[in-house]
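# A structural walkthrough
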Amino acid sequence: LIVLQGGGEGEGGSRPGVLAGMEPQALPYVEAHLHLFRADSLSDAAAWASTDPFAACGGYGKQSVHEWGMAEAAELRVPRGGGTAFLVHCLDRDGASELRTETRPRHLDWLKASGRVHLAGPLREGGGQPVGTLLLVSGDSAEEVRAWAGEDPYAAAGLFSEVRVSPAPETAVPETAAGEGGTAPLVAW
């Protein structure tokens, strides 16, 4: 499951207003937080996200919770070498499920041919309907990955209403989010 927190006034790179009691800082603006973890249900994930102190004080313009179905194809699980990995988070336009279905074979062929996809899969709402795409890819810079993502057949067909590209830090996520006691990461490089 993924939780995306952000947006609102800050979308498109502008800095949001300062919330009551917060001190303005001369720091780079972070547009969103993307949390990727295991949970038993979308409602459990949403409940967890609501405990974020910044969310509790209304700091995020919006929040979305989706299931992420990681693709099993070997071509979409290229081992990561050196360099930077980036998350490409795409949300579909409303009412575009037919366009997604028609374009999917070209999209998958394009991803597989790129040789840069470490993890990929559709984002789904509770009923299983795809509403977006999440990719973990290698790249030289966010700008280069953004340009590459613009060549996606889904993007060329006008499927996406929103595309976010951001560096993906290497972080081990304990299995405790799934109720298991180990510390194996969800995704290991």
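This one's a predicted model, so the numbers in the text were calculated from it and none came from an experiment.

Procedures and definitions
- Residues numbered from 1 in each chain as written.
- Predicted model: local features only at pLDDT ≥ 70, side-chain atom pairs only at ≥ 80, totals over all residues.
- Heavy atoms only, no water.
- Salt bridge = Lys/Arg side-chain N within 4 Å of Asp/Glu carboxyl O.
- Buried < 20%, exposed > 50% of the residue type's maximum accessible area, 1.4 Å probe, protein only.
- Helix = DSSP H or I, 4+ residues; strand = E, 2+ residues; numbered from the N terminus.
- Arc of directions from axis to C-beta.
- Contact = heavy atoms within 4.5 Å.

### Comments concerning the pattern of salt bridges
The tally for this structure, following the rule as stated, stands at four salt bridges. Here R100 and D92 are joined by a salt bridge, their closest N and O atoms 2.7 Å apart. The pair formed by R100 and D92 is uniform in burial state, with each residue classed as buried. Where E144 meets R116, a salt bridge forms, and the shortest distance between an N and an O atom there is 2.8 Å. Remark: R116 occurs in the loop between α3 (97-114) and β5 (117-124) and E144 occurs in helix α4 (residues 142-149); sequence separation between them is 28 residues. The partly exposed category is assigned to E144, whose relative accessible area is 27%.

### Side note on α4
Since the α-helix turns once every 3.6 residues, residues separated by three or four places project in the same direction. Within α4 the residues assigned to the buried category are A142, V145, W148 and A149. Along the axis of α4, the buried residues cluster in a sector spanning 120°; they form a single face. Buried residues belonging to α4 abut β4 (84-92), α3, β5, β6 (130-139), α5 (153-156) and β7 (160-167).

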